[in-house]
Amino acid sequence: MNYGTPDINDLSDRERTVLLSIIEQHVLTASPVGSRTLSKNIDIQLSPASIRNVMADLEERGLIGHPHTSAGRIPTDLGYRCYVDSIMQAVVLSDQERRFIDERFASSLNNAVQELIRNSSHILSQITHQLAIVSAPSLGKGVLQRIELVPVASDKLMVILSIRSGIVKSIILQLRSEIVQREQIENIAALLNEQLVGLTLTEIRETFADRVRDAGGPDDGIIRLFIESSDRVFSERLDPDAVCIDGMNTVTRQPEFGDPERLRNIIELVENQRIIVYVLDTISGGQSLTIRIGREINDEKLCEYSIIAAPYRFGQLNGTLSIVGPRRMNYPQMIAIVDYLAKLISQ
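Trainee: I'd love a proper account of the sheet that holds strand E5 (residues 156-163), names of residues and values included.
Mentor: The three strands lie next to each other as E4-E5-E6, forming an open sheet whose pairing is antiparallel. If you trace the sheet from one side to the other, it starts and ends with strand E4 (144-153) and strand E6 (168-174), each paired once. Taken pair by pair, the neighbouring strands of this sheet meet at an average axis angle of 20°, ignoring direction. Sheet analysis places E4 next to E5, joined by eight bridges and oriented antiparallel. Bridge pairing links Val-150 to Met-158 in E5. Contacts from helix H7 (residues 182-196) reach E4 and E5, with the element oriented near 160° to E4.

Take a look at the structure:
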């Protein structure tokens, strides 16, 4: 998708150098950057007056702007986009950073997917100091290996779905009758396995009613309950823990959150996972790392932030690993970390 990034060839060497310096200084200080500060940069070699002229040109292009009445400038969303797409240099993680990730990730290799995403979000928040969000793999393309029905109370039935990629999903159904014979439950489980094993959850959800009607069971109370609950039972979502969020305490220490409105927005974001799920769904699904900056996210509460998201694979299923933080982030470093961990999970 094109976000209106200026053609880097249209920028002079001076404009490119000054824009780069403004972004790097702002990332370090969280403060507007003035011409006097830039004139001390040995890479620029321009007088403050010449720098002011270049800054005026960059501002006219929409790449930097004035915060309040300050004499300094800060990058705009468009400026960051130009930087990310055309100016910044990729970085390679240090041996120490890779060891930090590898050692902590190793402890979750043999655990269930829920523990894997929980541990990954914790690692990501620790090393980036941003809000880390890891979504469980979407189960839509997951192939059903087995379905089990387990009575857990006189009027409750646990449905356990085993997915071929090694994921297990469970859900509780409320029965309308308290008297259900074990033999009846076993027969229904056998029927469901016969009709559904080998299909993806999406295929099951879309054709469930027709498949069980063909099996001759539409009059059975439990079958009718399954028909009514099929969207929930065979949902692509793993469970309420399908999104793990970590790093709230760390990210809110950054200078941007001295603004009560921004602090309130990030708290609401964490408390309302539906917003996060929706946003990640709109930017994920691709095969490569994705960056959204400020208003590119198309959510009012997130217009002051950036998201770096990368897909990962768990067996045949896809999930998303991402960080959310102020637009003023070290993009080369953050991109390298997110990409490395996503590839580590996918191995």
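Trainee: Could you give an account of the packing of H7 against helix H9 (residues 221-233), with specific residues and numbers?
Mentor: At a minimum axis distance of 10 Å, the contact between H7 and H9 shows a crossing angle of 45°. Comparing their axes, H9 and H7 come out oblique. The two elements H7 and H9 cross, and the hand of that crossing is right-handed. Along its contact with H7, which presents Ile-185, Ile-188, Leu-191 and Leu-192, the element H9 presents Ile-222, Ile-223 and Phe-226. Of the residues in the contact of H7 with H9, the class split is seven nonpolar, no polar and no charged.

Trainee: Go over the pattern of salt bridges, please, and point to the residues and values.
Mentor: Tallied over the entire structure, the rule returns twelve salt bridges. In this structure, the salt-bridge partner of Arg-328 is Glu-256, at a minimum N-O distance of 2.6 Å. Residue Arg-328 is located in the loop between strand E10 (317-326) and helix H13 (331-346), and its partner Glu-256 is located in the loop between helix H10 (248-251) and helix H11 (260-271); the two are separated by 72 residues in the primary sequence. Neither Arg-328 nor Glu-256 differs from the other in exposure class; each is buried. Taking the shortest distance from any N to any O, the salt bridge between Glu-300 and Arg-295 comes out at 3.7 Å. Residue Glu-300 is classed as exposed on the basis of its relative accessible area, which comes to 59%. Classification of Arg-295 by relative accessible area gives exposed; the value is 52%. Salt bridges sharing common partners tie together Asp-77, Glu-304 and Arg-327.

Trainee: Quick one: what's the story with the sheet that holds strand E8 (residues 290-293), residue by residue and with numbers?
Mentor: If you walk across this open sheet you meet the five strands as E7-E3-E10-E9-E8, and the pairing is antiparallel. At either end of the open sheet lies a strand with only one pairing partner, and these are strand E7 (243-246) and E8. Averaged over all neighbouring strand pairs, the angle between strand axes comes to 15°, with direction disregarded. Of the strand pairs in this sheet, E8 and strand E9 (residues 305-314) are connected by four bridges, and their pairing is antiparallel. Of the residues in E9, the one forming a bridge with Ile-291 is Ile-308. With respect to the sheet, helix H6 (residues 113-128) is in contact with strand E3 (131-135), E7, E9 and E10, its orientation differing from that of E3 by roughly 160°.

The rules we used
- Residues numbered from 1 in each chain as written.
- Predicted model: local features only at pLDDT ≥ 70, side-chain atom pairs only at ≥ 80, totals over all residues.
- Heavy atoms only, no water.
- Pairing = 2+ DSSP bridges.
- Helix = DSSP H or I, 4+ residues; strand = E, 2+ residues; numbered from the N terminus.
- Axes fitted to C-alpha atoms, helices over the stretch in contact; angles between N-to-C directions.
- Contact = heavy atoms within 4.5 Å.
- Parallel < 35°, antiparallel > 145°, perpendicular 65-115°, else oblique.
- Left-handed = near helix turned anticlockwise from the far one by under 90°.
- Nonpolar A, V, L, I, M, F, W, Y, C, P; charged D, E, K, R; others polar.
- Salt bridge = Lys/Arg side-chain N within 4 Å of Asp/Glu carboxyl O.
- Buried < 20%, exposed > 50% of the residue type's maximum accessible area, 1.4 Å probe, protein only.

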